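A look at the structure
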Amino acid sequence: MQQEPATDTPHLRVREDRGYTVLEFRGEIDIVAATEIGSHLDSATAGPAPRVVLDLSGIEFFDCSGLRLLYRARGRVLDHGGDLHLVCTHALTLRILRATGLSRLLPPAASLDDALDRPGATSGSL
């Protein structure tokens with residue numbers, strides 16, 4: 001089976017790993033980046049049972065636009081019966097995730113390997 005090449009943009013790299021579509025966010029995730037990322041996120045979360053990892057380990061800044069992307073991804077994956085994981089080690093972003101309650105819906109893992117070793121985290125509730 002031929003693997004599709006990774007998609008690279010200034011704020012996102014999309015690739016496949018162990019049957020999951022991995023969206024690696026990078027740099028500053030603000031309204032400009034969210035506009036760029038949105039269509040790629042929608043593609044990754046479309047179709048039946050999408051398997052997606054949102055990897056925030058390469059970010060430097062994350063605002064409410066980034067939170068909207070995470071909520072959007074979660075909603076789309078739940079609607080399609082899929083599996084969603086989050087990777088995040090950035091201290092300020094973890095603080096935002098806890099303050100908003102999103103860390104209960106998408107418990108952040110410390111690495112891609114850790115994320116893929118745990119069951120899906122898309123069904124939590126606030």
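Summarised in this report is the structure supplied together with it. (Residues numbered from 1 in each chain as written. Predicted model: local features only at pLDDT ≥ 70, side-chain atom pairs only at ≥ 80, totals over all residues. Heavy atoms only, no water.)

**Focus on unusual backbone geometry**
Comment: phi is negative for the bulk of residues other than glycine, and the bulk of peptide bonds are trans. Selection criterion: Here a strand is any run of E in DSSP of at least two residues, a helix any run of H or I of at least four, and the numbering for each starts at the N terminus. Residue burial is assigned from relative accessible area. The probe radius is 1.4 Å, only protein chains are included, and a residue is buried under 20% of its type maximum, exposed over 50%, and partly exposed in between.
Despite not being glycine, Arg18 has its phi angle at roughly 55°, a positive value. Its place among the elements puts Arg18 in the loop between strand 2 (12-17) and strand 3 (20-29). In the Ramachandran plot, Ala49 falls in the positive-phi region, its phi being about 50° despite a non-glycine side chain. Note on Ala49: relative accessible area 42%, which makes it partly exposed.

**Quick look at the pairing of strand 4 (residues 51-62)**
Test applied: For two strands to be treated as a pair, DSSP must find at least two bridges joining them. When the strands point away from the viewer, a crossover counts as right-handed if the path from the first strand over the helix to the second runs clockwise.
Across eight bridges, the pairing between strand 3 and strand 4 is parallel. Across the sheet, residue Arg26 finds its bridge partner in strand 4, namely Gly58. The β-α-β motif built from strand 3, the intervening helix 1 (residues 31-44) and the parallel element strand 4 has right-handed crossover chirality. What joins strand 4 to strand 5 (residues 83-87) is helix 2 (residues 64-79), and the crossover it makes is right-handed.

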